Structures are given as C-alpha cells and as structure tokens.
Amino acid sequence: MSHFAWLQGGDARCTDSSPSPRRAWRLVLLGPPGIGKGTQAAALVAQLGACHLSTGEVFRHAREDAAGLLAAMRRGELVSDEAVIELVRERAHCLTCSRGFLLDGYPRTLEQARSLDALLADLNVDLDAVVHFQAQERVLLERLAGRRVCMACGAAFHLEHRPPSRAGRCDLCGNLLSQREDDDADAVRIRLRTYAATMAPVLDHYRGLGLLYEIDAAAPSEVVLARTLVALDPLARWRRV
Ligand code: AP5
C-alpha cells in the first residue's frame, strides 16, 4: 500500500503509526512497464518496512482536473519532467521519513535523476541502492496483458500468476478488478518505446555513482524478491557495522 501522505500531497500528514524498522532503507526501483516493480515494492515493504512511493500511483489518483496529465498517461507517454519534479518536491518530507522509502517508477529521465540528487542532497539523505529489474519484452507483454488492478486500493493481480481468490474481485478490499487504461496494446507499445528511449542515461548515471543493482526479473515473484534481497545483503551487512 502506498504512503498516504505521498498520495495526498504536500499538506497531508502521514497516518502510519507502525514502529520504524531497525534500518531505514532508501531505494529506487526501476524497470520497464509490467516488469513487477509494484509487486516487488509491496514485498519489499513487508521485508524492509520502508514506505512505497509510486509516482504512477499518485498520477492515477490525480483529480480529473489534471486532464492534460491524465491524457498523457492514458496514451502511454511520460508526464512532463516539470510536473513530476514538482510532485516529488512537494512531498519531500516523505523522503526524510524514519521508515525509509522505496521510490517506484521515479526517476525516469536524466533530468529527474539529477533533480532527485539535488533534492536528497538538500535534505542530507543518501540513497542506498537503485535496483533495476530486467526481462525480455515477451515477459513484459504477458504480464501486462494478464494484469487486473483494483482501482479502489491499487492492488495488482494477474489472471494466471496471481489470480484473485474470487474472480474479478480484489482479495484485499472486495472491490471490482479492471484493466488499467494504459494496458491497452497501443499504450503499451508507446510505454515500452518510451522506456527504451529514456532509461539508458538514467542507468548510466546510477552505474557511475556505484548504486546500480541489476536483477533478472524473468522468474516467479518470490524468486525475484529473493534475488533482490541477496543483492542488497552485502549492503545490509555493511550498514550493520
Ligand atoms: P507506472 O504506474 O509507474 O507504470 P509502469 O512503469 O509502466 O509500470 P507498471 O505499473 O505498468 O508495472 P510494474 O512494473 O509496477 O508491474 P506490476 O508489479 O504491476 O506509471 C504509469 C504512467 O504514469 C507512466 O506511463 C507515465 O505516464 C506516468 N509516470 C509515472 N511515473 C513517471 C515519471 N517518473 N515520469 C514521467 N511520467 C511518469 O506487475 C505487472 C503484472 O505482472 C501484475 O499482474 C503482476 O501480478 C504480474 N507480475 C509481477 N511480477 C511477476 C512475476 N515475477 N512473475 C509473474 N507475474 C508477475
């Protein structure tokens, strides 16, 4: 579940009163559409206790008066850097949370990455790692085609890999499941093309900073989670010293 204050915006205050984890993890999760970033974020939240902050989810909750932004999303295009950077800046207090954070789907352009660097430097916060999930395009297409989401609580299911216990209903809140508007074939084509065109400089940027961890995500989600935790384990040991 996403962080309440992150979804609501700058004036909202976090209502999560669960105890802070022993270590605050500050991670960025990157990867193409449908790779499983949201799925892994939910599992990592359970393991690490950090807050899940998804820019895509914030935009899906945007009010209908943000018409230009929502139209770009439905077409499968990126929202402008300006809008994304403003959205993150107005939620900067979430980045200093004692629980840590998992940024999902942000940054997606080099300009966003540089803006995040500057914001974290201002806040005196260091990133621990940038996890990049990878798989072949056919895997992404199959995951996107079978995805069904709950528009009420945001939970994601898959017709084959993670079917809901009651057909068409969310296991968590009981609301109806549907396909995301940007999961139609035309929008998916644009999203994959956009990802390929914008991500390489972002990955180079984090590789250069020594923060990038590459994870093969063409496996069941429990295996992907285990691979991620193994990759992060040396960092966890180092942080315990
Ligand atoms: P966003 O919501 O971030 O979409 P995305 O990056 O395209 O990623 P998805 O949410 O589609 O997939 P996912 O990787 O989270 O996969 P999931 O876990 O659901 O962004 C949407 C839009 O918002 C963008 O197109 C853009 O317009 C805008 N936007 C957002 N951030 C922006 C930014 N920073 N800059 C500009 N614009 C921005 O899994 C997919 C399916 O596969 C599910 O059904 C799941 O159950 C299944 N699954 C997951 N893992 C596995 C597995 N290991 N094995 C089998 N099935 C699996």
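Scroll up a little and you will see the structure.
Residues numbered from 1 in each chain as written. Predicted model: local features only at pLDDT ≥ 70, side-chain atom pairs only at ≥ 80, totals over all residues. Heavy atoms only, no water.

1. Description of the overall build of the chain
Working step 1: Scanning the chain for helices and strands turns up nine helices and eight strands.
Working step 2: Taking 18 Å as the expected radius of gyration for a compact globule of 241 residues, we find that the chain reaches 17 Å, a close match to that expectation.
Working step 3: Projected onto its principal axes, the C-alpha coordinates of the chain cover approximately 45 × 40 × 40 Å.
Working step 4: Residue burial in the chain is summarised as follows: out of 241 residues, 48% are buried.
Working step 5: In the chain, once contacts between residues fewer than 6 apart in sequence are set aside, the share between residues at least 24 apart is 73%.
Working step 6: Of the roughly 12,200 Å² of accessible surface on the chain, a fraction of 52% belongs to carbon and sulfur atoms. (Helix = DSSP H or I, 4+ residues; strand = E, 2+ residues; numbered from the N terminus. Rg over C-alpha atoms; globule rule 2.2 N^0.38 Å. Buried < 20%, exposed > 50% of the residue type's maximum accessible area, 1.4 Å probe, protein only. Contact = heavy atoms within 4.5 Å. Areas by Shrake-Rupley, 256 points an atom, 1.4 Å probe, with all protein chains shown as cover.)

2. Considering the sheet that holds strand β1 (residues 25-30)
Working step 1: In spatial order, the strands read β2-β3-β1-β4-β8; together these five strands make up an open sheet with parallel pairing. The sheet terminates laterally at β2 (51-54) and β8 (212-216), the two strands that pair on one side only. Shown here is a sheet whose adjacent strand axes are inclined to one another by a mean of 25°, direction ignored.
Working step 2: Where strand β4 (residues 129-134) lies against β8, five bridges are found, and the strand directions are parallel. (Pairing = 2+ DSSP bridges. Axes fitted to C-alpha atoms, helices over the stretch in contact; angles between N-to-C directions.)

3. A look at the packing of helix α6 (residues 110-123) against helix α8 (residues 185-208)
When two helices pack together, their arrangement is given by the angle between the helix axes and by the axis-to-axis distance.
Working step 1: At a closest axis distance of 8 Å, the pairing of α6 and α8 adopts a crossing angle of 35°. Across the interface between the two elements, L110, A113, L116 and D117 from α6 touch P201, V202, H205 and Y206 from α8.
Working step 2: In the contact of α6 with α8, the residues fall into six nonpolar, one polar and one charged. (Nonpolar A, V, L, I, M, F, W, Y, C, P; charged D, E, K, R; others polar.)

4. Section: helix α2 (residues 37-48)
Along an α-helix, residues three or four apart share an orientation, since each turn contains 3.6 residues.
Working step 1: Taking 1.5 Å as the rise per residue, α2 with twelve residues should run 16 Å; its terminal C-alpha atoms sit 15 Å apart, in good agreement.
Working step 2: Looking at α2, one finds that the buried residues are K37, Q40, A41, L44 and L48. The arc that holds every buried residue of α2, seen down its axis, measures 105°, which confines them to one face.
Working step 3: Among the residues trailing α2, G49 stands out with phi positive, at a value near 80°. (Expected span 1.5 Å × (residues − 1). Arc of directions from axis to C-beta.)

5. Things to note about the environment of Q179
Working step 1: With respect to the helices and strands, Q179 occurs in the loop between β7 (177-178) and α8.
Working step 2: For the pair Q179 and L144, spaced 35 residues apart in sequence, the C-alpha to C-alpha distance is 9.1 Å.
Working step 3: Apart from the residues within four sequence positions on either side, Q179 is in contact with L144, A145, R147 and R148.

6. Details of unusual backbone geometry
Working step 1: Cis geometry is found at the peptide bond from Y106 to P107, where omega equals 0°.
Working step 2: Of note, N124 is a non-glycine position whose phi angle comes to about 60°, a positive value.
Working step 3: Within the secondary structure, N124 is located in the loop between α6 and β4.
Working step 4: Judged by relative accessible area, N124 falls into the exposed class, the value being 70%.

7. Points about the site of the ligand
Working step 1: Looking at the ligand, there are 33 residues lining it, with T39, E77, R108, R147 and R191 nearest.
Working step 2: Here an oxygen atom of the ligand sits 2.6 Å away from a polar atom, N or O, in the main chain of E77.
Working step 3: The contact in question runs from a nitrogen atom of the ligand to an N or O atom on the backbone of G105, over 3.0 Å.
Working step 4: Relative to its free-state accessible area of 1,000 Å², the ligand is covered by the protein chains to the extent of 96%. (Near = heavy atom within 4 Å. Polar contact = N/O pair within 3.5 Å; in protein donor to acceptor, adjacent residues only side chain to side chain.)

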